[in-house]
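Reading the structure
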Amino acid sequence: MSPSAGWHAVGEAHEAAAAVRRAADPASAQTHRAAALREEAEPLLDSVSLSAQSRCFVDHRRVKVVAGSGGNGASSFHSEPRKEWGGPDGGNGGAGADIIIRVNRQVKSLSSVSTVYRGKDGEAGSSQNCFGRNASPTYIAVPVGTLVKEEGRTLADLSQHGQLYTVAYGGAGGKGNRFFLSNENRAPLTATPGEKGQERVVQLELRTMAHAALVGFPNAGKSSLLRVISNARPAVAAYPFTTLKPHVGIVTYRDHQQLAVADIPGLIPGAHLNRGLGVSFLRHIERCRLLLFVLDMSSAEPWEQFQQLCFELDQYKPQLSHRPRAIVANKMDLPEARGNLEALRSRVHQTVIPVSALTGHNTAQLILHLREMYDSYPQNS
């Protein structure tokens, strides 16, 4: 949706909503007309809200950075009454601005990162041995967990708040003719220009940093499960692809240990080929130590979901699905799910935890098993 089309849709939605309020008077005879207008306005509002939600979270960005150039050196001679041979007094130029990437935990996505950054040039030198001022560095604020890449090669892994990485260095300032004064040359005329700043194109990738990832197909109940076991409040609805961006919730235990659990948007067959933005979602799983495969037990053969999910993860990155993992058999409140549970356990060797995100049944066991997995598999394993 283009910006003009988006604003046009917003205008239509608000006009329709205003018409609903005018027509919804109990004493009015236009009740049926108000209902029709309400049905017309709701799809417009939904489309606008979905497009706005998809724009607010950005997990990759191609950025061109051009550092500032150094200031030129000055060529001048001291001039003062009754001081005939004052000598050279041209100062050096100032250094150009560096481009620095700075991690800020208050930033949640790369949506605020521009596509081009240019640093300021250093000031030129002047007479009376005055040096040019160095340009102040230009900072790019990125979230925790950002990778900086260039032509597929990782330059920096920014995982700590306040971490800095200089992605482009500013040019050095030029030398004034005072710099070239020597016993052999008492009146140098040479002054050098400032150097050009470094220029490069880098790719910024945001990968959600969490201890565990909820992996599953659309409408498997991952967001509902995250709401039950943590403090996160992702959107929940009765249709697929409700989650358009990763959500991270914190699970707190009695000993004050906290585990971060990420709700990864639903994958579809062929996700490793970037179908349904699969690569954008699979990227976030790489940073997670533990995998929780959420299966919809009301489907005909839920064990095939598990096999397909493992296939997609391994095609994206070999052995990715072999990380410490468990199967969460969700939607056990539905009648058809009970018969599938025993069939699932007979076909897989992983731990199967039956839960119901709707009623909260057996979620305490899931939380305890998550802690056991975390304690059994340290970070360096």
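These numbers come from a predicted model, not from an experiment.

Looking now at the overall build of the chain. Scanning the chain for helices and strands turns up seven helices and 14 strands. A buried classification covers 46% of the 381 residues belonging to the chain. Sequence-distant contacts, at least 24 apart, represent 71% of the contacts inside the chain between residues at least 6 apart. Summed over its atoms, the accessible surface of the chain is roughly 20,500 Å², and 50% of this surface lies on carbon and sulfur atoms.

To continue, consider the pairing of strand β9 (residues 212-215). Of the two faces of β9, the one lined by A212 and L214 and the one lined by A213 and V215 are each fully buried. Strand direction decides the pairing type here: β9 and strand β11 (residues 258-263), joined by three bridges, are parallel. By the bridge assignment for β11, A213 is matched with A262.

Glancing now at the nonpolar core. With 31 residues, the main nonpolar core has V215, I285, F293, L313 and L344 as its most contacted residues. Only β9, β11, α4 (278-285), β12 (290-296), α5 (302-316), β13 (325-330) and α6 (335-347) provide two or more residues apiece to this core. The biggest single contributor to this core is α5, with five residues. Setting aside its immediate chain neighbours within four residues, L313 contacts V215, L267, L282, I285, L291, F293, L320 and S321. Residues A212, V261, I353 and L370 belong to the second largest nonpolar core, which totals 23 residues.

On to the side chain of D263. For D263, the position within the fold is in strand β11. At 5.0 Å, K222 is the nearest oppositely charged side chain to D263, a buried residue that forms no salt bridge. Polar side-chain contacts of D263 include one of 2.6 Å to the side chain of S223.

Let us now look at unusual backbone geometry. One non-glycine residue, E151, adopts positive backbone phi at about 55°. Note that E151 resides in the loop between β5 (146-150) and β6 (153-158). Look at E151 and you get exposed, because its relative accessible area is 79%. Although it is not a glycine, N219 sits at a positive phi angle of roughly 65°. Tracing the chain through its elements places N219 in the loop between β9 and α3 (222-229). Judged by its relative accessible area of 34%, N219 is partly exposed.

Before going further, it helps to examine the environment of K317. Relative to the helices and strands, K317 is located in the loop between α5 and β13. Given the relative accessible area of 32%, K317 is considered partly exposed. Placed 31 residues apart in sequence, K317 and E286 show a C-alpha to C-alpha distance of 8.5 Å. In this view, K317 contacts E286 and R323; residues no more than four positions away in its chain are not counted.

The subject of this paragraph is the packing of aromatic side chains. Applying the stated criterion to the full structure yields two aromatic pairs. When the ring of F179 is compared with that of F180, the centres are 5.2 Å apart and the planes differ by 90°; the resulting orientation is edge-to-face. Their ring planes at 85° and their centres at 5.2 Å tell us that F293 and F306 sit as a pair that is edge-to-face. On the criterion of sequence distance, the pair formed by F293 in strand β12 and F306 in helix α5 is long-range, its members being 13 residues apart.

The next point concerns the sheet that holds strand β3 (residues 116-118). Spatial ordering of the open sheet is given by β3-β1-β8-β5-β6, a layout of five strands whose pairing is mixed. This sheet does not close on itself; its edge strands, each paired only once, are β3 and β6. On average, each strand axis in the sheet is inclined to that of its neighbour by 25°, with strand direction left out of account. Sheet analysis places β5 next to β6, joined by five bridges and oriented antiparallel.

Turning our attention to the environment of N92. Mapped onto the secondary structure, N92 falls in the loop between β1 (60-66) and β2 (99-103). Separated by 2.8 Å, the side chain of N92 and the backbone nitrogen of G176 make a polar contact.

Let us look at α3. Of the residues making up α3, those classed as buried are K222, S223, L225, L226 and I229. Summarising the axial view, the buried residues of α3 lie within an arc of 160°, below the 170-degree limit, and thus occupy one face. Elements in contact with the buried residues of α3: β9, β10 (247-252), β11, β12, β13 and α7 (363-376).

Our next topic: the sheet that holds strand β4 (residues 138-142). Within a sheet, adjacent strands bond to each other through the backbone by hydrogen bonds, running parallel or antiparallel. Read across the open sheet, the three strands follow the order β4-β2-β7; overall the sheet is mixed. This sheet does not close on itself; its edge strands, each paired only once, are β4 and β7 (164-168). Each strand of the sheet is rotated relative to its neighbour by a mean of 30°, with strand direction disregarded. Direction of pairing for β2 relative to β7: antiparallel, over a ladder of four bridges. When the bridges of β7 are listed, I100 appears paired with T166.

Quick notes on the rules
- Each chain carries its own residue numbering, running from 1 in the direction its sequence is written.
- Predicted model: local features are reported for residues with pLDDT of at least 70 only, side-chain atom pairs are reported and counted for 80 or more only, and whole-chain, interface and lining totals are derived from all residues.
- Side-chain numbers come from the whole structure's heavy atoms, not from hydrogens or water.
- In DSSP terms, a helix is any run of H or I states spanning at least four residues, a strand is any run of E spanning at least two, and both are numbered starting from the N terminus.
- When accessible area is computed with a 1.4 Å probe and restricted to protein chains, residues below 20% of their type maximum are described as buried, those above 50% as exposed, and intermediate ones as partly exposed.
- It only takes one pair of heavy atoms within 4.5 Å for two residues to be counted as in contact.
- Surface accessibility in these figures is a Shrake-Rupley result with a 1.4 Å probe; residues are shielded only by whichever protein chains are displayed.
- We treat two strands as partners when DSSP finds at least two bridges between them.
- Put simply, a nonpolar core is a bunch of buried Ala, Val, Leu, Ile, Met, Phe, Trp, Tyr and Cys residues held in one set by side-chain atoms that sit within 4.5 Å of each other.
- Residues scored as charged are limited to Lys and Arg (positive) and Asp and Glu (negative), so that His and the chain ends carry no count.
- Salt bridges, as used here, are contacts in which a Lys or Arg side-chain nitrogen is within 4 Å of a carboxyl oxygen on Asp or Glu.
- Pairs of N or O atoms are called polar contacts if they sit within 3.5 Å, as long as, within protein, a hydrogen donor faces a hydrogen acceptor (for residues adjacent in sequence, only side-chain-to-side-chain pairs).
- Working definition: a ring pair exists when centres of Phe, Tyr or Trp rings (six-membered ring for Trp) sit within 6.5 Å. Plane angles under 30 degrees give stacked, over 60 give edge-to-face, the rest tilted.
- Axis definition: a line fitted to C-alpha atoms, over the contacting stretch in the case of helices. Angles run 0 to 180 degrees between N-to-C directions.
- The reported arc concerns the directions from the helix axis to the C-beta atoms and nothing else.

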